[in-house]
Amino acid sequence: MIIGIASHKGGVGKTTTAIHLAAILSRRAPCLMIDADVNRSGLAWSRRGELPFKVVDEKAAVRYTKDFEHIIIDTAAHPSKGDLEAMVEGCDHLIIITEPEVMSLDVLPGMLDDLAALGSEKHRVLLAQVSPLSNAIEARAAIEQLNVKTFTRHIRSYAAYKLAALRGTTVNLVPDPYAETAWSDYLAIAKEIL
């Protein structure tokens, strides 16, 4: 299975999502994460610790893809129409990340229009970085007005993710009172994909 993770805005949780979904999928079969973001945050995350899957730069991906059953692609923010076209053609699933903030929601329709023009039926919107005290009803309603498939669950924002990135591991392995709760959000998303 090949999963692309994209957003029209940076800093919305693409790399965090890629890391955690790759970790979950790696429990089922070998998983490769391709870091195609210019910041190379996924590679930096992996170098600080130990992850249960391989992370490679997009330029090295060709060498490794044949050895993995699952591939997660962490894309650059604001992909071009050409990049979106390649993802629609090459991915089994395309996860579009947005946060429940107006600046993120404002740019979401443009990306969805681009995907609709490509005839994509592979994409679904994931609401991420949601305050744990919020149920994100207003943001979800705004997204649903765009007539797009969404995940039924969302990803809550916990400080445990920052600790996981710092230690180069996944959130379920850090000493934080909300670590297991944060991990459960990604388990639910993975279940929806599978």
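Residues numbered from 1 in each chain as written. Predicted model: local features only at pLDDT ≥ 70, side-chain atom pairs only at ≥ 80, totals over all residues. Heavy atoms only, no water.

Chemist: Go over the layout of surface pockets, please, and point to the residues and values.
Modeler: Put simply, the largest pocket is a space of about 270 Å³. Taken together, 13 residues line the largest pocket, and the ones lying closest to its centre are A36, E58, I73, T75 and M87. Looking at side-chain class alone, the lining of the largest pocket contains 9 nonpolar, 2 polar and 2 charged residues. (1 Å grid on protein atoms, 1.4 Å probe; cavity = no way out; pocket = protein on both sides within 12 Å on 5 of 7 lines; lining within 4 Å. Points joined across faces, edges and corners; volume = space filled by probe spheres on them. Nonpolar A, V, L, I, M, F, W, Y, C, P; charged D, E, K, R; others polar.)

Chemist: Lay out unusual backbone geometry with the relevant residues and their values.
Modeler: With the exception of glycine, the majority of residues adopt a negative phi angle, and the majority of peptide bonds are in the trans configuration. Here the phi dihedral of H78 falls at roughly 55°; this positive angle occurs in a residue that is not glycine. Within the secondary structure layout, H78 lies in the loop between strand 4 (70–74) and helix 4 (81–90). Within the chain, Q129 stands out as a residue other than glycine whose phi angle is a positive 55°. Topologically, Q129 is positioned in the loop between strand 6 (123–127) and helix 6 (137–144). (Helix = DSSP H or I, 4+ residues; strand = E, 2+ residues; numbered from the N terminus.)

Chemist: Which residues make up the packing of aromatic side chains, and what values go with them?
Modeler: By the definition in use, this model includes 2 aromatic pairs. On the basis of an interplanar angle of 85° and a centroid distance of 6.0 Å, the ring pair of Y161 and Y186 is categorised as edge-to-face. Residue Y161 is found in helix 7 (residues 160–167), and its partner Y186 is found in helix 8 (residues 179–193); the two are separated by 25 residues along the sequence. On the basis of relative accessible area, Y186 is assigned to the buried category, the value being 1%. Across from the ring centre of F151, 4.2 Å away, lies the NZ or CZ of R124, which sits over that ring. (Phe/Tyr/Trp six-rings, centres within 6.5 Å; stacked < 30°, edge-to-face > 60°. Buried < 20%, exposed > 50% of the residue type's maximum accessible area, 1.4 Å probe, protein only. Lys NZ or Arg CZ within 6 Å of the ring centre and 35° of its normal.)

Chemist: Report on the sheet that holds strand 6, specifying residues and quantitative values.
Modeler: Sheets are built from strands paired through backbone hydrogen bonds, the pairs being either parallel or antiparallel. As summarised here, the arrangement of the 6 strands in space is 3-2-4-1-5-6, forming an open sheet in which the pairing is parallel. Both edges of this open sheet fall to strand 3 (54–57) and strand 6, since each of them pairs with a single strand only. Direction aside, the axes of adjacent strands within the sheet are offset by 25° on average. Strand direction decides the pairing type here: strand 5 (residues 93–98) and strand 6, joined by 5 bridges, are parallel. (Pairing = 2+ DSSP bridges. Axes fitted to C-alpha atoms, helices over the stretch in contact; angles between N-to-C directions.)

Chemist: Before we move on, could you go through the pairing of strand 2 (residues 31–35) and cite the residues and values that matter?
Modeler: Strand 2 sits mainly inside the fold: 5 of its 5 residues count as buried. Burial along strand 2 is two-sided: C31, M33 and D35 facing one way and L32 and I34 facing the other are all buried. In the sheet, strand 2 pairs with strand 4 via 5 bridges, with the strands oriented parallel. Within strand 4, the position partnered with D35 by the bridge is D74. Where strand 2 meets strand 3, 4 bridges bridge the pair, whose relative direction is parallel. By the bridge assignment, D35 is partnered in strand 3 with D57. A crossover links strand 2 with its parallel partner strand 3, the connecting element being helix 2 (residues 41–47), and its sense is right-handed. (Right-handed = clockwise from strand over helix to strand, strands pointing away.)

Chemist: Tell me about the pairing of strand 1 (residues 2–6), residues and numbers included.
Modeler: Extensive coverage of strand 1 is indicated by the burial of 4 of its 5 residues. Here strand 1 runs beside strand 4; their pairing, made up of 4 bridges, is parallel. Bridged to I3 within strand 4 is I72. Relative to strand 5, strand 1 is paired through 4 bridges, and the arrangement is parallel. Directly across from G4, in strand 5, lies its bridge partner L94.

Chemist: Describe in detail the side chain of D74, supporting the description with residues and values.
Modeler: Among the secondary structure elements, D74 is positioned in strand 4. Among the residues examined, D74 registers a relative accessible area of 0% and is labelled buried. A polar contact is formed between the side chain of D74 and the side chain of T15, at a distance of 2.6 Å. D74 has contacts with I5, K14, T15, A18, M33, I34, D35, A36 and D37, leaving out every residue within four places of it along the chain. (Polar contact = N/O pair within 3.5 Å; in protein donor to acceptor, adjacent residues only side chain to side chain. Contact = heavy atoms within 4.5 Å.)

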